[in-house]
Amino acid sequence: MPTGLFAASDWGIKALSNPAAHGFAQMLYQFSSASANNGSAFDGLGVTYGFFNNPNPAPEAIPWDIATGLVMLFSRFLPIVAPMAMAAFLGAKKPSPFGLGTLRDDSPTFAFLLLGTILIIGALLFPACSNLGPIAEHLGPIPFGG
């Protein structure tokens, strides 16, 4: 959502160093890295203060800083509420006996099922979006009319 907002506003357009699909991938990566807690950036956005504490950053730097701060708040700290509530409800639940159809959570089957689910969801969500810009740039203007 913030990537779409910045792609449609002057804050995003003026901050780009690369036009079209590559610039969109820069914006998408900026917000994705803010939400994923790795702090990296897809260099090229002209909104940083720099290594030497640039006293005159781009005017778009302030909206980008506020937006990435909000993305960090909502995507890192707000989702903690659901697992905490789930833990409270499961802690209050009475234990039930194991049956024939019970998948125990201390078995290798459960571990591989959980790992596979995490990898599949991760593979389907982020790389597909982050690869759109470079693929579109490689294919050139013919299929995209640019």
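Residues numbered from 1 in each chain as written. Predicted model: local features only at pLDDT ≥ 70, side-chain atom pairs only at ≥ 80, totals over all residues. Heavy atoms only, no water.

## Regarding the pattern of salt bridges
- Within the structure shown, the criterion is met by 1 salt bridge.
- Arg104 is paired through a salt bridge with Asp106; the nearest N and O atoms lie 3.1 Å apart.
- You can call Asp106 exposed: its relative accessible area is 55%. (Salt bridge = Lys/Arg side-chain N within 4 Å of Asp/Glu carboxyl O. Buried < 20%, exposed > 50% of the residue type's maximum accessible area, 1.4 Å probe, protein only.)

## Observations concerning the packing of helix α3 (residues 20-36) against helix α4 (residues 61-77)
- Their axes nearest at 8 Å, the elements α3 and α4 cross at an angle of 45°. The angle between α3 and α4 places the two elements in the oblique class. In this structure, α3 crosses over α4, and the sense of that crossing is right-handed. For the pair α3 and α4, contact is made by Met27, Gln30, Phe31, Ser33, Ala34 and Ser35 and by Trp64, Ala67, Thr68, Val71, Met72, Ser75 and Arg76, respectively.
- Per-class residue counts for the contact of α3 with α4 are 7 nonpolar, 5 polar and 1 charged. (Axes fitted to C-alpha atoms, helices over the stretch in contact; angles between N-to-C directions. Helix = DSSP H or I, 4+ residues; strand = E, 2+ residues; numbered from the N terminus. Parallel < 35°, antiparallel > 145°, perpendicular 65-115°, else oblique. Left-handed = near helix turned anticlockwise from the far one by under 90°. Contact = heavy atoms within 4.5 Å. Nonpolar A, V, L, I, M, F, W, Y, C, P; charged D, E, K, R; others polar.)

## Some thoughts on the layout of surface pockets
- Empty space within the second largest pocket amounts to approximately 200 Å³.
- Lining the second largest pocket are 13 residues, with Met1, Pro2, Thr3, Phe31 and Ser32 sitting closest to its centre.
- Broken down by element, the lining of the second largest pocket gets its largest block of residues, 4 residues, from α3.
- Across the lining of the second largest pocket, the residue classes break down as 9 nonpolar, 4 polar and no charged. (1 Å grid on protein atoms, 1.4 Å probe; cavity = no way out; pocket = protein on both sides within 12 Å on 5 of 7 lines; lining within 4 Å. Points joined across faces, edges and corners; volume = space filled by probe spheres on them.)

## Describing helix α5 (residues 81-92)
- The first and last C-alpha atoms of α5 sit 17 Å apart over 12 residues, in line with the 16 Å expected at 1.5 Å per residue.
- Of all the 12 residues making up α5, 0 are buried; the element is thus mostly uncovered. (Expected span 1.5 Å × (residues − 1).)

## Structural notes on the packing of aromatic side chains
- What the rule picks out here adds up to 4 aromatic pairs.
- Seen in terms of ring centroids, Phe6 and Trp64 are 4.6 Å apart; in terms of plane orientation they differ by 55°. Their pairing is tilted. Here Phe6 is found in helix α1 (residues 2-7), whereas its partner Trp64 is found in helix α4, with 58 residues between them in sequence.
- A network of ring pairs unites the aromatic residues Phe6, Trp11, Phe31 and Trp64 as a single cluster.
- In this structure, Arg104 packs its charged tip against the face of Phe98, placed 4.1 Å from the ring centre. (Phe/Tyr/Trp six-rings, centres within 6.5 Å; stacked < 30°, edge-to-face > 60°. Lys NZ or Arg CZ within 6 Å of the ring centre and 35° of its normal.)

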